[in-house]
Amino acid sequence: MHSKTFTILQKKKNQILELWLNNQLADEGLREDLISNQDLRASSEELVDVLVSSASDDNLENPESSDFDPVLEILAGVSMTRARQGFSPRETGLFVLGLKEALLTVLQEEMSDSPAELYTESLKISRLLDSFSIVTFETFIKGREDVILRQTDEIAEISTPVIRVWDGILALPIIGTLDSARTQVVMENLLQEIVETGSSIAILDISGVPAVDSLVAQHLIKTVSATRLMGAECIISGIRPEIAQTIVHLGIDLSSIITKATLASALRYAFSSLNLEVKKAIREKVSIR
Amino acid sequence: MIISLSKDVMTITRDQDVVPFRNRVKEKAVKIKMGLVNQTKLITAASELVRNMLKYGNGGETYIEIVSRGRDTGIRLTFKDKGPGIADISLAMQDGFSTGKSLGLGLPGTRRLVNEFDIKSEIGKGTTVSIIKWVNG
Amino acid sequence: MEKIPILRMGPFLLVTIQVDLYDRLALTLESDLVQMVNKTGARGVLIDISAVAIVDSFMGRIIGNIASMSKILDAETVVVGMQPAVAITLIELGLPLKGVYTALNVERGMDLLKLKIQGSADHEEEEDDEDSAIYSE
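Numbers given for residues are sequential positions, taken from 1 along each chain in its written order. The order in which chains are written sets their letters, starting at A; the order in which ligands are written sets their numbers, starting at 1. Selection of residues for local features in this predicted model requires a pLDDT of at least 70, selection of side-chain atom pairs for listing and counting requires 80 or more, and totals for whole chains, interfaces and linings are taken over all residues.

Asker: Just checking my understanding: could you explain the overall build of chain C for this structure?
Answerer: Only DSSP runs of H or I with at least four residues qualify as helices, and only runs of E with at least two residues qualify as strands; both kinds are numbered from the N terminus onward. Helices and strands together make up the secondary structure of chain C, namely five helices and five strands. The linear arrangement of helices and strands in chain C, starting from the amino end, is β-β-α-β-α-β-α-β-α-α. Comment: burial labels come from other C-beta atoms within 10 Å of the residue's own C-beta, placed from the backbone, where a count of 20 or more is buried, 12 or fewer is exposed, and between is partly exposed. Counting only residues that meet the buried cut, chain C has 45% of its 137 residues in that class. In chain C, once contacts between residues fewer than 6 apart in sequence are set aside, the share between residues at least 24 apart is 77%. Residue pairs are scored as contacts if the distance between their C-beta atoms, which are placed from the backbone, is within 7 Å.

Right, here's the structure in full:
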């Protein structure tokens, strides 16, 4: 003999689905821009189907039961996709809470004759759905974290271009804070490029670095020393006056490093140490048109 | 929570054992797709520790393990000798300190090359050093 | 016994390290090189480590020693072709190889050596130049 709730679930499946869909469609926050009605219906239908088929008499009281794994899987999938599509946590949460609403409404209709039973059964459903919504939130946040991680990787990749400014001269503009992970990437890219191009001078431009503290200075010194070990020279350029001030106030010793105020003066230095000369061309004849 | 996925044991007794040991570490590092720079750091650290083990402990046992913690995978190396032990570990971990005739970069330098560094020593019984390098560390 | 060959090129000695160095091999290289510098009166030593994947503090010390010893015998030392990963690891280890000249490759290393010894070895240079001048005609 099945419990009443279970029977109601089985019998009223379609009604629950319709109620739930109406709840979702009636909500002002429905994101028609992000998800079409068909998709919404499809994912709702799938969830209700799986929920009804995995529910049984005994597990309704036990949200941790492994019978609900398929439900959790779908929920995880839904909230993961929603996190990526840019749904807000509220909108994602309402998705599951709307189902609870629908289930409770149906229960109320069916059990209106026995309030005591309605109370216990509502409590069960409530607990079950609450635990589902926690899972939804957890996966939603995890989805967001994945997005952040991927962006971090992308930023790390795009933020350190090595430019060949001249035959034998490389320039590397650093923009943003220089932490140890970034230093590692900068060093690797720079040294690799030195090997590939056979360049003997590298210019590290720190115009885009907001602040230089002793840790950042240490990272810069490391990069310069590693470049030296490879047999190339490393110049640091783009030092703003306020950065020069902090460096001296902090007592950081950069005397072993060639520093220049601007990229232009670093380039001039590089040219002269490669015995190159840049001159304004003197045109003897008027150009023929 | 660190889980060990595989474990190799190698005994180091002579100078010449160092090269095969380094190769074995490299093999494992390549297997878990560790980048070249991290590989080099790990093998250099391993080389330092094996040398210490030979010099101060007359050799000993090494374990090479592939370990995982959450999403991270990495390599754990353990060096166990039955040497005289280290009297003052915090002193030994200082840059420039050495009882032998070396630069004294061994232990502190090695610590900078890896992600996790653990040393236990008992006078008269021996020293155990264990290091972990994560793939993305 | 295994040995690392030392080639003589004019006033310079050229060493290419192609194998994984274990400690005794490195020590043998150190003494062989110093002997050679003395015997040939070489003015420069060029060590090519482009095939070396690992330089630990011991190897670093050997390189430093070779440079200092050669310096006493009036020869300059240039280390060429260090791998990026090796350079990063050495810096992290705290071993910037002060007092050792470096160059990107053998060719640049030779140029650097010539430059370094120019002052005191003027006539040797001239002889070399004459030779090459005749050769090209």
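Asker: Can you help me understand the overall build of chain B in this one?
Answerer: The helix and strand inventory of chain B stands at four helices and five strands. Listed N to C, the secondary structure of chain B is β-α-α-β-β-α-α-β-β in terms of helices and strands. Note on method: radius of gyration uses C-alpha positions; expected globular size equals 2.2 Å times residues raised to 0.38. A globule of 137 residues ought to have a C-alpha radius of gyration of about 14 Å, and chain B, at 14 Å, matches this closely. Here the C-alpha coordinates of chain B stretch approximately 40 × 25 × 25 Å along the principal axes. The buried share among the 137 residues of chain B stands at 36%.

Asker: Would you mind going over the interface of chain B and chain C with me for this structure?
Answerer: Quoted interface sizes are often the accessible area lost when the parts come together. Residue-level contacts link 22 residues of chain B with 18 residues of chain C. With nine residues, the top contributor of residues to the side of chain B that touches chain C is helix α2 (residues 36–57) of chain B. The nonpolar class holds Ala, Val, Leu, Ile, Met, Phe, Trp, Tyr, Cys and Pro. Asp, Glu, Lys and Arg form the charged class, and all remaining residues, Gly among them, are polar. Residue composition of the side of chain B that touches chain C, grouped by class: eight nonpolar, seven polar and seven charged.

Asker: Is there a simple way to think about the sheet that holds strand β2 (residues 169–175) of chain A in this case?
Answerer: Sheets are built from strands that pair by backbone hydrogen bonding, the pairs being arranged parallel or antiparallel. All names here are of chain A. A sheet is described by the order of its strands in space; here five strands give the open sequence β1-β2-β3-β4-β5, paired in mixed fashion. Looking at strand neighbours, the two that pair on one side only are β1 (163–166) and β5 (258–259), the edges of this open sheet. At least two DSSP bridges between two strands are required for those strands to pair. In this structure, strand β3 (residues 201–208) lies alongside strand β4 (residues 233–237), joined through five bridges in parallel fashion. Considered in β4, the bridge of L204 is made with I236.

Asker: What am I meant to see in the pairing of strand β5 (residues 126–134) of chain B here?
Answerer: In summary, the side chains of a regular strand alternate between the two faces of the sheet. All names here are of chain B. Inspection of the sheet shows strand β3 (residues 72–81) paired to β5 by seven bridges, in the antiparallel sense. What sits directly across from K80, in β5, is T128. With seven bridges connecting them, strand β4 (residues 116–122) and β5 associate as antiparallel partners. What sits directly across from E116, in β5, is I132. Hairpin connection from β4 to β5: three residues lie between these consecutive antiparallel strands, with G124 at a positive phi of about 85 degrees.

Asker: What is the right way to look at the confidence of the model for chain C in this model?
Answerer: Any segment with low pLDDT has predicted coordinates that should not be analysed in fine detail. Residues and elements named next belong to chain C. Confidence of the predictor at the level of single residues is captured by pLDDT, which takes values from 0 to 100. Overall, the prediction assigns chain C a mean pLDDT of 83, with 85% of residues at 70 or greater. Contacts for the low-pLDDT stretch residues 123–137, under 50 throughout, to residues beyond four places or in other chains number four contacts. As a predicted assembly, this complex carries a pTM of 0.71 together with an ipTM value of 0.82.

Asker: So what exactly am I meant to see when it comes to the pairing of β2 of chain A here?
Answerer: Residues and elements named next belong to chain A. The element β2 is largely enclosed, with a buried count of five among its seven residues. Bridge analysis of β1 against β2 gives three bridges, and the strand direction is antiparallel. Each bridged residue has a counterpart across the sheet, and for W166 the counterpart in β2 is I169. Here β2 pairs with β3 via six bridges, running parallel. From the neighbouring strand, A171 faces β3, where its bridge partner is I203. The definition of a right-handed crossover adopted here requires that, viewed with the strands pointing away, the path from the first strand over the helix to the second runs clockwise. In the classification by handedness, the crossover that spans β2, the intervening helix α7 (residues 180–197) and the parallel β3 is right-handed.

Asker: Would you explain the nonpolar core in this entry?
Answerer: In a soluble, globular protein the nonpolar side chains are often hidden away together inside. In this structure, A202 and I203 of chain A together with A87 of chain C are the most contacted members of the largest nonpolar core, which totals 103 residues. Residues contacting A87 of chain C, with those up to four places away along its chain left out, are L191, A226, L229 and M230 of chain A together with M82 of chain C. Only buried Ala, Val, Leu, Ile, Met, Phe, Trp, Tyr and Cys residues enter a nonpolar core, and they are joined through C-beta atoms within 7 Å.

Asker: I keep staring at the environment of M59 of chain C and nothing clicks. Help me out?
Answerer: All names here are of chain C. One can find M59 in helix α2 (residues 57–72). Along the primary structure M59 and Y22 are separated by 37 residues, whereas in three dimensions their C-alpha atoms are 8.9 Å apart. When sequence neighbours within four positions are dropped, the list of residues in contact with M59 reads L21 and A26.

Asker: For this particular structure, what's the right way to read helix α4 (residues 106–113) of chain B?
Answerer: Within α4 of chain B, the full set of buried residues consists of G106, L107, G109, T110 and L113 of chain B. Down the axis of α4 of chain B, the sector holding all buried residues measures 165 degrees, keeping them to one side. Considering only its buried residues, α4 of chain B is in contact with α2 and α3 (89–92) of chain B together with α2 and α3 (84–93) of chain C. Arc, as used here, means the arc of the directions from the helix axis to the C-beta atoms.

Asker: Please explain the packing of α2 of chain B against α4 of chain B as it appears in this structure.
Answerer: A packed helix pair is summarised by two numbers, namely the angle formed by the two axes and the spacing between the axes. Residues and elements named next belong to chain B. Interhelical geometry of α2 versus α4 gives an angle of 155 degrees and a closest axis separation of 9 Å. Compared by their axis directions, α2 and α4 come out roughly antiparallel. Judged by the twist between their axes, the crossing of α2 over α4 is left-handed. Residue-level contacts link K41, T44, A45, E48, L49 and N52 of α2 to G106, G109, T110 and L113 of α4. Looking at the contact of α2 with α4 residue by residue, the classes come out as three nonpolar, five polar and two charged. Simply put, an axis is a line fit to the C-alpha atoms, just over the touching stretch for a helix, and the angle between two N-to-C directions goes from 0 to 180 degrees. Orientation categories follow fixed angle ranges, with anything under 35 degrees roughly parallel, anything over 145 roughly antiparallel, 65 to 115 roughly perpendicular, and all other angles oblique. The handedness criterion is simple: a crossing whose near helix is rotated anticlockwise from the far helix by less than a right angle is left-handed, and one whose near helix is rotated clockwise is right-handed.

Asker: In this structure, what is going on with the sheet that holds strand β3 (residues 44–48) of chain C? I would like to understand it.
Answerer: All names here are of chain C. Taken in spatial order, the five strands of this open sheet run β1-β2-β3-β4-β5, and their pairing is mixed. Two strands bound the open sheet, and with one partner strand each, they are β1 (6–9) and β5 (101–103). When strand polarity is set aside, the average angle formed by the axes of neighbouring strands in this sheet is 25 degrees. One ladder, built from four bridges, connects β1 with strand β2 (residues 12–16); its direction is antiparallel. Within the sheet, the bridge partner assigned to I6 lies in β2 and is V15. The sheet contacts of helix α4 (residues 106–117) involve β2, β3, β4 (76–80) and β5, and relative to β4 the element is tilted by about 160 degrees.

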